[in-house]
Amino acid sequence: MNNLVLKRRFEAMLHRLKSQKIELLVQITEGLEDMDTELSDLQGLIEDYTQIEGAFMTFQQAIGEYI
């Protein structure tokens, strides 16, 4: 695979992870504003967010150095 294709796929993956983070932040914000939302539901969203954030940072650092 040539370097340009590799770089484009890397960037696409970063955009995908970033969009998932934004989607989860919207859900978390809506849950905080909705008094009927259970705290356990918010906790699940926050845990999902931290996993995606960790994946984003790790992927960006580890693979970014390679590319």
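Preceding block: the structure.
Since we're looking at a predicted model, the values are computed, not measured.

**Focus: the nonpolar core**
So, point 1. Judged by nonpolar contacts, Phe10, Leu14, Leu17, Leu24, Ile28, Leu45, Tyr49, Ile52 and Phe56 together constitute the single largest core of nine residues.
So, point 2. When residues of this core are traced back to their parent elements, those giving at least two are α1 (3-33) and α2 (39-66).
So, point 3. Residue contributions to this core peak at five residues, all from α1.
So, point 4. Residues in contact with leucine 24, not counting those within four places in the same chain, are Leu45, Asp48, Tyr49 and Ile52.

**Details of the side chain of lysine 21**
So, point 1. Here lysine 21 lies in helix α1.
So, point 2. Beyond its immediate chain neighbours, meaning those up to four positions away, lysine 21 contacts Tyr49, Ile52, Glu53 and Phe56.

**Observations regarding the pattern of salt bridges**
So, point 1. In total, this model carries one salt bridge according to the counting rule given.
So, point 2. The partner of glutamate 53 in a salt bridge is lysine 21, and the shortest N-O contact between them spans 2.6 Å. Of this pair, glutamate 53 sits in helix α2 while lysine 21 is found in helix α1, placing the two residues 32 residues apart along the sequence.
So, point 3. Overall, the relative accessible area of 12% leaves lysine 21 in the buried class.

Definitions and cut-offs
- Residues numbered from 1 in each chain as written.
- Predicted model: local features only at pLDDT ≥ 70, side-chain atom pairs only at ≥ 80, totals over all residues.
- Heavy atoms only, no water.
- Core = buried A, V, L, I, M, F, W, Y, C linked by side-chain atoms within 4.5 Å.
- Buried < 20%, exposed > 50% of the residue type's maximum accessible area, 1.4 Å probe, protein only.
- Helix = DSSP H or I, 4+ residues; strand = E, 2+ residues; numbered from the N terminus.
- Contact = heavy atoms within 4.5 Å.
- Salt bridge = Lys/Arg side-chain N within 4 Å of Asp/Glu carboxyl O.

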